[in-house]
Amino acid sequence: MFSLYSKAWNGAMPGYRLIIGDKNKSSWSLRAWLLLRHFDLPFEEVLIARDQPDTTDRIREFSPAGRVPILLRGTETIWDSLAIMEYLAERHPALSIWPADAAMRAQARVLAAEMHAGFAAMREELSFDCQPGRRQPELSMTGRSDVGRIADIWRRARLHNEDRGDFLFGAFSAADAMYAPVAVRFDRYGVALDDICQTYVAALLQLPAMQAWLADAGAETADSG
């Protein structure tokens, strides 16, 4: 299945095309989509359904890597979530995609990179699914360690920046976009968190852009049912 959505805010024509997978299941797609939507950057959304016989071939029409998300602009193709964020930050320096302070920006990039490269056990054992009421499986020792490390990252960042806003470095940034799918996982599986982390999860889930993604994910599930 191939779906095309055109979204343009503030009356601007879309300058970007974002290739994504199903919203209910594609956590990496959420990261790039959320950043674009939150910062009100016009883009055309191309959704390619997962687990179809032609899924990989359709994705490879846009990138030989065969994975989503993929950001297109003119002849440029960027096919990695973190690279997409860096590209958008460079093209839109007036936006607070990364913190303005150099030290905070470095820390935000460190945390984003740790999410990008790590927590494989947690991601495997708590598979991404936007629908509420998921039954939490028994986590392995490594999975529990991943959850503990993520909670520690959130707690430390929030305690250090609690006077600046509701997110890891105060205002919403690319670092928060990287952890947004984890917030969905922890909420949907009912992972026990301390009050600081639970408040952070709630702030992410209440973002208008996140609410829009979750609504679309729910519609996908209803349609498939």
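A.B. asks: Looking at this structure, how should I read the confidence of the model for the protein chain?
C.D. replies: A low pLDDT score tells you not to read the predicted coordinates there in detail. Of all residues in the protein chain, 92% have pLDDT values of 70 or greater, and the mean over the chain is 92. Counting interchain partners and residues more than four positions distant, the pLDDT-below-50 stretch residues 1-13 has 39 contacts.

A.B. asks: Sorry if this is basic, but what is going on with the pairing of strand β4 (residues 70-73) here?
C.D. replies: Side-chain positions along a regular strand alternate between the two faces of the sheet. Relative to β4, strand β2 (residues 16-20) is paired through 3 bridges, and the arrangement is antiparallel. Residue pairing across strands places L18 opposite L71, the latter belonging to β4. Here β4 runs beside strand β5 (residues 76-78); their pairing, made up of 3 bridges, is antiparallel. Considered in β5, the bridge of L71 is made with I78. Linking β4 to β5, which pair antiparallel, is a turn of 2 residues; within it G74 sits at a positive phi near 60°.

A.B. asks: In this structure, what is going on with the pairing of strand β3 (residues 43-48)? I would like to understand it.
C.D. replies: Taking burial as the measure, the 6 residues of β3 include 6 buried ones, the bulk of the element. Side chains F43, E45 and L47 project from β3 onto one buried face, and the interleaved E44, V46 and I48 project onto a second face that is buried too. Relative to β3, β2 is paired through 5 bridges, and the arrangement is parallel. Bridge pairing in β3 links I19 to V46. Regarding the hand of the β-α-β motif, the stretch spanning β2, helix α1 (residues 27-38) and β3 is right-handed.

A.B. asks: Could you clarify how one ought to interpret the side chain of R188 in this entry?
C.D. replies: Relative to the elements of secondary structure, R188 occurs in helix α7 (residues 174-188). Accessibility expressed as a relative area gives 14% for R188, which makes it buried. For R188, the contacting residues outside a window of four places in its chain are D129, C130, Q131, P132, G133, R134, L205 and L214.

Basis of the calculations
Residues numbered from 1 in each chain as written. Predicted model: local features only at pLDDT ≥ 70, side-chain atom pairs only at ≥ 80, totals over all residues. Heavy atoms only, no water. pLDDT = per-residue confidence, 0-100. Contact = heavy atoms within 4.5 Å. Pairing = 2+ DSSP bridges. Helix = DSSP H or I, 4+ residues; strand = E, 2+ residues; numbered from the N terminus. Buried < 20%, exposed > 50% of the residue type's maximum accessible area, 1.4 Å probe, protein only. Right-handed = clockwise from strand over helix to strand, strands pointing away.

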